[in-house]
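# Coordinate inspection notes
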Amino acid sequence: MLQTVGKFIINYPSIIILVFLISLGAFISPVFFTSRNFVNILWSVSVLGIIAVGQTVLLITGNFDMSVAYIVGLSGITTVMLQINGANLITSVAGGLAAGVIIGFLNGLIIIRTNANAFLVTLGTSALVYSINLILTQSKTWYAQIDAFLILGRGKFYGTIHYSVIIFLTMAIFVQIILRRTIFGRSLYIIGHNPKAAKYSGIQVNRLKFGVYLFCGFCAGLAGLVMTARTGSTVANAGVGLEFDSLIVSVLGGTSLFGGKGGTIRTIIGILILGVISNLLILLNIQYEAQQIAKGVVFLTVVCADGILEKKRRSS
Amino acid sequence: MIRKIFHFILQQNIIILFLSLFIVFGIFKGDLFLNGINLHNIARQISFDIPLALALTTVLIVGGIDLSIGSVLSMSAALTMGIQPTGTYFAVLIALLFGILIGFLNGILITKGKVVPFITTLGTMTLVKGIMLTYTKQLSIAGKDESFTFWGDGSIGVVPTPIIVVLIVALILYIVLKYTKFGRNLYAIGGNPESAYIAGIDVEKNKVFAFMISGFLAALSGVLLASRLNSSTTQLGLDSTNWAIAAAIMGGASMAGGRGKVFGTVIGVASLGILINGMNLIGVFTYYQIGIRALILIIVVAVDAVTATRIRENLQLQAYGKRD
Amino acid sequence: MKKNLLFLLFCLAFMALVMPVSAEEGTFDICVVHNSADHPSITAIVQGMNDEAAIFGANVTYFDPAADPQKQASMIEDCIARQADVIVVNCVDPTAAVAPIKKAFEAGIPVLTQNADVAPEGKEFTYAFVGSQSIDQGYAVGKMMVEKFGDKEAKVVIIGGNPGQTDYVNRVAGAEMAWAEANAPYEIISDQPAGWSKDKALTLMTDLLTRFPTGIDMVYAVDDPMAIGVIEAIKAAGYEGEIAVYGTNGNVDACEAIKNGDMAGTALQMSYLVGVYAVRAAYDINQGRLISEEILAPTAPITIDNIDEWSDMCW
């Protein structure tokens, strides 16, 4: 029994941290441990969560995408602009998603064709998309025109939990099942673990990698729609900062930057850690600068613990 | 000899980019671009980015990355201005030591904590930013010692002081990386950490040193910036990290480790500096400037990757005794 | 080898392609260094400047340092190198802007500051300040609060921009000044930044409503988009009508919200006029005329009472 518990701790240190943070919160803040607060936490992280699902899958194959932040802006802008020009709900949403997929396509194309470093290429496309966003919006705020569209970000399922949260959780679980239970999913791990071996075992590495970039672009596009629906409007730099945040939560959950390891359920844990910390720090009225320090410390603790435990996992 | 130089230039995409930028801006806006004042300005502008890009070159060589340099820069600028009343150069010393300390912390976390550099430095980035905001109380700090501005804002003859300081530092780094055992060890570690370990190199110690150099260089940039603006603000170093990485890679460093050139990095920074300056002189609207910079980055990275693959394939062919 | 030559040619061709034709000749050159071009107020200013420049036949060139004081210093130097006739600076940081503005002064190029002024020690190097002072905007908001709440005790939440940014700090200081003048016993119970982002303001306010289930009387979001985010959070948490939300800017949706009664008030900043005034001042300087040291665009306090008069000025 003790051994199982020990093994669990070694394998999932992030869950322990999350449980610790939640009990800490329940202990020191009377309003923290309420269903309303939890619904709010989930709602506030749902946009980041949807991006992180795509990012996690990319990380598993040993790639990553720095352009997700501005794709969020681009997809929102495309949707809103389409609505302003009279497109209906479905066309505008499809347009926004397509914008995300197109950038994913561009990323995948350049990276696979030239074999260039993913970090740099996506850094480049990120700046490119930002420039497109600025040109399209002229730095102005643009408002969504169709009220039904706003439900995506603000609506609640039978008044209990937001649709955006449901989308995020469903995607995370669904993707996890694909990753774990299908040949396609397993192949992604092999690619991340050792691309050469994957190639020799007959996996079409480039095609799958390409597909994953498209998926990541799609997720970022969807996140952009949710964010736009949540705030009812969009600006050129709507998602700024989410690229690092999506990496942080994936890693907090235990997905490796080197590929071959991780999962989207783990990412949910990572997101909850980040959401709970942010929420707690505001509930406790901690000043912004101290919040930064606290976030840095928690983050470093988790990743260090994970790094040190990795050795133990290997030996056991 | 001339042919050899010509050949050497064509080998380096970054030099090609540099030259073509020079030619294009020289043709289009020669009167403004090639005049003494403007060249003086460019030299000063790039001198604050060079240390950052060199910091990244050093850690990229050992196969790492350092995202914390932007925060270190703003904190050391704040320290330089904040402690100035106690003693101008005492403050500079503290600021530089702070950079080295954060570099040391990064190094220890990476080697002992077994965390990948990207993640570690992402964490210290947030941490140092928090420390900076606490220390400055989110306010700008104005300098009290007017003579200190010589280092960032003054000139020796027609040459701006900071570029001289920075080029001397670059030269020292060049010698260290190229002609010392320590430097060669860094390349060996980045190239293949396991064989470096087997060859008897103390991988962990050298890595920590590389990160300390990186922290020092970032702090140096912060000190020079504080001197240039004669003040420190919380807004310093916001997105300089991304472009410093780009400059280092354009200059020949690789995310995979084991590669990186001081000279190339300096040219990389200079190219980006000239690009921005030239576009400003022509009057390209800011939205398009961002896009153009992005396109150039993508093209350079892509072309560099394609050539690198070619070279590797050629080497393999030669190893088999075939001629290209 | 051939490939590299090709690359050189490619680079040259690409560059020549992306270089747009330089601006047509006008009577004089104005060089504008923004604070950060990614903000709606900048768009309005640029519109005002372009419209007015067309009348005077001036060439206006814009530079965007993206809120980096060092880049701003560089860009002011670029403007000096361009031999502009007038330089207009929207200071990212008042203290850091002193040194480069001094350089322009020494090069004999007149400098105007726009919307964000330089620190007092740099004032002697500038001709004039054009714009609306952020401290005045905060003051206008503070006044509106005092009108509504009088000398009742009230608890205020501040939703800020980026930590330490001048506009954010000054607007809050301005509001506090108005309270102090009226001896209003208001207490700031939370002052947190939301990075000028509507979405972050929404999340922050949601959390703050959890923390203070009762007791928040007023919110001052230092920018209208964030104020709208705050209103969304208030609606979602079911506190509609209980909390007075104030913003600054005069964006279209804020005016709409004031009309609907969702928002209590905003300080309308007439950015378009700021642009117009700046070009006029530059023209006057160029003609050798004397100009006033402070050319202020009006800040209008807008509440539900006077929204109808102002709604067509919202931008």
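Please read all numbers here as calculations on a predicted model, not as lab measurements.

Rules behind the numbers
Residues numbered from 1 in each chain as written. Chains lettered and ligands numbered in written order. Predicted model: local features only at pLDDT ≥ 70, side-chain atom pairs only at ≥ 80, totals over all residues. Helix = DSSP H or I, 4+ residues; strand = E, 2+ residues; numbered from the N terminus. Rg over C-alpha atoms; globule rule 2.2 N^0.38 Å. Buried ≥ 20, exposed ≤ 12 C-beta atoms within 10 Å, placed from the backbone. Contact = placed C-beta atoms within 7 Å. Axes fitted to C-alpha atoms, helices over the stretch in contact; angles between N-to-C directions. Parallel < 35°, antiparallel > 145°, perpendicular 65-115°, else oblique. Left-handed = near helix turned anticlockwise from the far one by under 90°. Domains from an automatic or database assignment.

## Considerations on the overall build of chain A
Scanning chain A from N- to C-terminus turns up 14 helices and 4 strands. In terms of C-alpha radius of gyration, chain A reaches 20 Å, essentially the compact-globule figure of 20 Å for 316 residues. Counting only C-alpha atoms, chain A reaches 65 × 55 × 35 Å along its principal axes. For chain A, buried positions account for 56% of its 316 residues. Counting only contacts in chain A whose residues sit at least 6 apart along the sequence, the fraction spanning at least 24 positions is 77%.

## Notes on the overall build of chain B
Each helix and strand counted, chain B has 15 helices and 4 strands in total. Its C-alpha radius of gyration of 20 Å places chain B within 12% of the 20 Å reference for a compact globule of 324 residues. The dimensions of chain B, computed from C-alpha atoms along their principal axes, are 70 × 55 × 35 Å. Across the 324 residues that make up chain B, the buried fraction comes to 59%. Long-range pairs, those at least 24 residues apart, make up 77% of the contacts in chain B with a sequence separation of at least 6.

## Some details on the packing of helix α5 (residues 69-82) of chain B against helix α6 (residues 88-111) of chain B
Residues and elements named next belong to chain B. Look at α5 against α6: their axes get within 8 Å of each other, and the N-to-C directions meet at 155°. When the axes of α5 and α6 are compared, the pair comes out roughly antiparallel. The chirality of how α5 crosses α6 is right-handed. Residue-level inspection shows Val72, Met75, Ser76, Leu79 and Thr80 of α5 in contact with α6, the latter providing Ala91, Val92, Ile94, Ala95, Leu96, Phe98, Gly99 and Ile102.

## Thoughts on the interface of chain A and chain C
Between chain A and chain C, the contact holds 24 residues from the first and 27 residues from the second. For the side of chain A that touches chain C, the secondary structure elements donating two or more residues are α3 (35-60), α11 (205-231), α13 (264-283) and α14 (288-315) of chain A.

## With respect to the domain arrangement of chain B
Residue and element names in this part refer to chain B. When cut into domains, chain B gives domain 1 (15-283) and domain 2 (286-324). Relative placement of domain 1 and domain 2: their C-alpha centres are 25 Å apart. Every contact between the two is made by 6 residues of domain 1 and, on the other side, 7 residues of domain 2. Residue assignment for the side of domain 1 that touches domain 2 shows that the elements contributing at least two residues are α13 (240-250) and α14 (262-282).

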